[in-house]
Structures are given as structure tokens and as C-alpha cells.
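Spelled out from the first residue to the last, the chains are:
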Amino acid sequence: MSYSGTLSPARILDRPAEAVYQDDYRFWQGIPSIERTRGGRLYADWYSGMRTETGGNFVVVTISDDDGDTWESPRFVVMHDDPEVRVYDPCLWRDPEDRLWLTWNQSRDFYDGRVGAWVAVTENPDDDSPVWSEPIRIADGLLMNKPTVLSSGEWLFPTALWACHEPTEDHGLQHLMFSNVTVSTDRGLTFEHRGSADVPNRSFDEHMIVEKEDGALWMLVRCFDGIGESNSVDGGRTWTAGRRSHIDGPCSRFHIRRLASGRLLMINHDGFAERSDRADIEKQGNVKAWKGRSRLTALLSDDDGATWPHRLLLDERDEVSYPDAAITDDGSIAVVYDHDRFGDRAIYLARFTEQDVLDGALNSPRSAAAVLVNRAGAIDPEPVASVS
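Right, let's walk through the structure included here.

Conventions adopted
As a convention, each chain's residues are numbered from 1 in the sequence order in which they are written. pLDDT decides what is reported in this predicted model: residues at 70 or higher carry local features, side-chain atom pairs at 80 or more are listed and counted, and totals for whole chains, interfaces and linings draw on all residues regardless. Computation of side-chain values covers all heavy atoms of the structure but excludes hydrogens and water. Centres within 6.5 Å are what make two rings of Phe, Tyr or Trp a pair, Trp counting through its six-membered ring; a difference in plane orientation under 30 degrees is then read as stacked, over 60 as edge-to-face, and the rest as tilted. Numbered from the N terminus, helices here are DSSP runs of H or I no shorter than four residues, and strands are runs of E no shorter than two. With a 1.4 Å probe rolled over the protein chains alone, any residue whose accessible area is under 20% of its type maximum counts as buried; one over 50% counts as exposed, and the rest are partly exposed. Criterion for a charge above a ring: Lys NZ or Arg CZ within 6 Å of the ring centre, and within 35 degrees of the ring normal. Only protein atoms enter the 1 Å grid, on which a cavity is a set of points fitting a 1.4 Å probe that cannot get out and a pocket is an open set with protein on both sides within 12 Å along at least 5 of 7 lines, lining residues being those with an atom within 4 Å of a point. Grid points are joined across faces, edges and corners, and a volume is the space filled by probe spheres set on the points. What makes a nonpolar core is a set of buried Ala, Val, Leu, Ile, Met, Phe, Trp, Tyr and Cys residues whose side-chain atoms join them at distances within 4.5 Å. Strand pairing follows a simple DSSP-based rule, namely that at least 2 bridges must link the two strands.

Considerations on the packing of aromatic side chains
Here is step 1: Scanning the entire structure with this criterion turns up 17 aromatic pairs.
Here is step 2: Ring centres 6.3 Å apart and planes at 80° place the aromatic pair Trp101 and Phe191 in the edge-to-face group. Of this pair, Trp101 sits in strand E7 (residues 100-108) while Phe191 sits in the loop between strand E13 (179-184) and strand E14 (192-197), and the two are 90 residues apart along the sequence. Exposure class is identical for Trp101 and Phe191. Each is buried.
Here is step 3: Aromatic pair Tyr111 and Trp162: ring centres 4.6 Å apart, planes at 25°, arrangement stacked. Taken together, the positions of Tyr111 in the loop between E7 and strand E8 (117-122) and Trp162 in the loop between strand E12 (155-160) and E13 put the pair 51 residues apart, joining distant regions of the chain. Pair check on accessibility: Tyr111 and Trp162 agree, each one buried.
Here is step 4: Ring pairing ties together the aromatic residues Trp93, Trp101, Trp155, Phe157 and Phe191, which thus form one cluster.
Here is step 5: Against the face of Tyr322 rests Arg341, its NZ or CZ located 4.5 Å from the ring centre.

Describing the layout of surface pockets
Here is step 1: Space inside the largest pocket adds up to approximately 730 Å³.
Here is step 2: Every residue lining the largest pocket is counted, 27 residues in all, and those nearest its centre are Trp93, Val149, Arg257, Arg258 and Ile327.

Quick word on the nonpolar core
Here is step 1: With 32 residues, the main nonpolar core has Tyr43 and Trp104 as its most contacted residues.
Here is step 2: For this core, the secondary-structure elements that each account for two or more residues are strand E3 (42-48), strand E4 (58-64), strand E5 (72-79), strand E6 (85-94), E7 and E8.
Here is step 3: Listed in part, the 19 residues of the second largest apolar core include Ala326, Leu349, Val371 and Val373.

Description of the pairing of E4
Consecutive residues of a regular strand have side chains that alternate between opposite faces of the sheet.
Here is step 1: Counting buried residues along E4, seven of its seven residues qualify, which places the element largely inside the surrounding structure.
Here is step 2: With seven bridges joining them, E3 and E4 adopt antiparallel strand pairing. Among the inter-strand pairings, Trp46 is bridged to a residue of E4, identified as Val60.
Here is step 3: In terms of strand pairing, E4 meets E5 through four bridges, oriented antiparallel. Looking at the pairing, Val59 lines up with Val78 of E5.

Quick word on unusual backbone geometry
Excluding glycine, residues mostly have negative phi values, and the peptide bonds linking residues are mostly trans.
Here is step 1: In this structure, the amide linkage connecting Ser73 to the following residue, Pro74, adopts the cis form with an omega of -10°.
Here is step 2: Relative to the helices and strands, Pro74 resides in strand E5.
Here is step 3: Even without glycine at this site, Asp67 takes up a positive phi of about 65°.
Here is step 4: A positive phi is found at Tyr322, a non-glycine position, where the angle reads about 60°.
Here is step 5: Mapping Tyr322 onto the fold places it in strand E23 (residues 320-327).

This is the structure we're talking about:
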């Protein structure tokens, strides 16, 4: 297999006028990310293009200067000149120096076995015309969730080569077909592979890492039967044998991070049929009660992830998925997610506070649920299903 196209960078287009990138042209879209700049601007992105997840996919980036009430789309588009290369699974991240990172992955067709995680950075994300650095490739595999900044100052990027999809040819990277950790010890100047976790039954990995209060690292991984876990006590160099965690899930992406208060925030599916049945269901381990990608919920833990007693329902509908969150300097939270990628084809925003989650209700003045960020408008006579 030729990787020549995937090893060259995609291009970032500024306010592209071509019809192919506009809302009324896109047949489907999903897998969003969000970040807030130091100046308060919100960036959101997702990917689309073609009729499904394949070569020719591109990333759409949009901006809001009014806390998500209105959005400019498309503000930027990340695309590749090779029509067989897809640009996908983007992520936005504000680093400790207030720079905005835009990351994406490049593969030939759906999955070529090697892929590659790419990044571009802007140091002026609040300006009228943000300037992006030249894209660089930081790792084999995929990166689609925000990195973790350790107390040591190191940046850990969750990268992966999928074990759930065998490569079509021998690419020589079998040693990386795990939930990997790519580290930068010099604030993003250089990157290297540090370690890997082997979590059974993992699906697309989509892992995230949090630093526990005792300094250990806790990795959570998307699995076919819920959420798996592994731990490290040496900064991510070695990891314990993976296992299924005590956290359930419908085999979908989740989001976890530590808040300034010390609590852990998780955005996940609270998919049980009835809240009143929760205790019995959890006691019996009745996974059949899970209802899939519905009831997207914000959860808080007071005990470093052992329990999650505080819950705020964000969207109860079916086919809501792939949340990502941005935390503001004042502690408010913004979450984006997709809904029905080939039907409604919408990206939504939820705004709330930590206190809202503790209250179990959207009580804060600016809090809101299911705020529309973007909807694709093309009419597809034969919609297809999403792979991820």
C-alpha cells in the first residue's frame, strides 16, 4: 500500500468559498470537538465530506464570539489534495501557553493501518485572521481526544493504532497496535512514543488519561462491552494489564477531565431505562438494560472516579454521541456532540456549570441544552450508516 499521500500534510483553507465545503452541500457530519480561547472565543470542529467515512473526508472548523449562540461556518476547512486521503477525527486543545491546537488524522480510504496524527497551532486564535503553523505529523496512528498535562509539566497525547481493524498489508507497526501514549517534554517542540496499554476488547480506543490525586495515571478506553481501564505509576511508560472498568458505556466515545475544584468530570451515556432501577441494575450488572447512544449526561466524581453520584442530563434522544468539552477560566463548561449523523446531521452545544451538575438541573443564567451549532443540508436519496 502506498502511504505517499498520507505522509504529506493537508491544507488549511481560510473561509473557503467552494460549494463542496458549504452546509447545503454536506450529506453527513459528526465527531466534533470544542475549545475556548483565552479571549472567550469558542472554536468547534467536526468532519464530513463524501457520502460516508472514506477518502475525500475533510474537517470543518467554525467560530463563535457570542458563547455559542451563533456560529460562522465554515471558517476553516482542513482538506487534502489527494482525493483518496481522508482527513478526519479532529480535536481542538488550548495548551498551557494559550495557544490553540488543531489536530486531525490522515488515512488512505477508511483505514490504511498506519494513518498519522497531524497538528497545526495558532498563537493568535482571538484575532480576526488567526495564523496557523505548518502542519506536522507527530505520531503513527490516530489522535482524537485532548492531551493531559501532568503535574510534571509533560504533555501526554492519547494516540492509537486500531486493534479492531487489521491492516490490509504488513506495515511493520504491530508493536503500536495498542492504546498508546505520545509525550512531549518540551511544550510541543518534539514528540515521542512513551508507552502502550493493552486493554481487551477495545474498539477504536478513543482513550483519555487523567492524573489521579496520588500521581498515578488512569487510562480509560472505549470497549465493545463498556469502558476499559489501565493504570501507570511511572508517567505512562508501563501500564497494568487492561481490564473492564466499573464504568459502563454503549461502545462510544466519552470525555473525562479534572476540574479546578478537584472533581472529575465525565460526559458519558446514562443509558439505563429508568433512574429508579439504577441500584438494582448496577448491583446485578444487567448490561441488557443499556439503551445505546442515548441520554448523554454530565457526571461528577468527588472521589477520584470511584463513584459518580452527581448527574445532569444533557440530551435524552437516541443517536447523540461523541462528546467533547471545553472548560472556561471561570469554570463554566461547554460540550459539543453530534446527533443522527445521516439523519438530523446536526452538531449541538450544551452550556452549564459545575454547580448545575451538582444540582442536577440547568439553573445558571447562561446554561442551555441542545443549542444548534450546525446542520448539514444536502438531500441524500440513499443515506448510509456510520462506521464509528
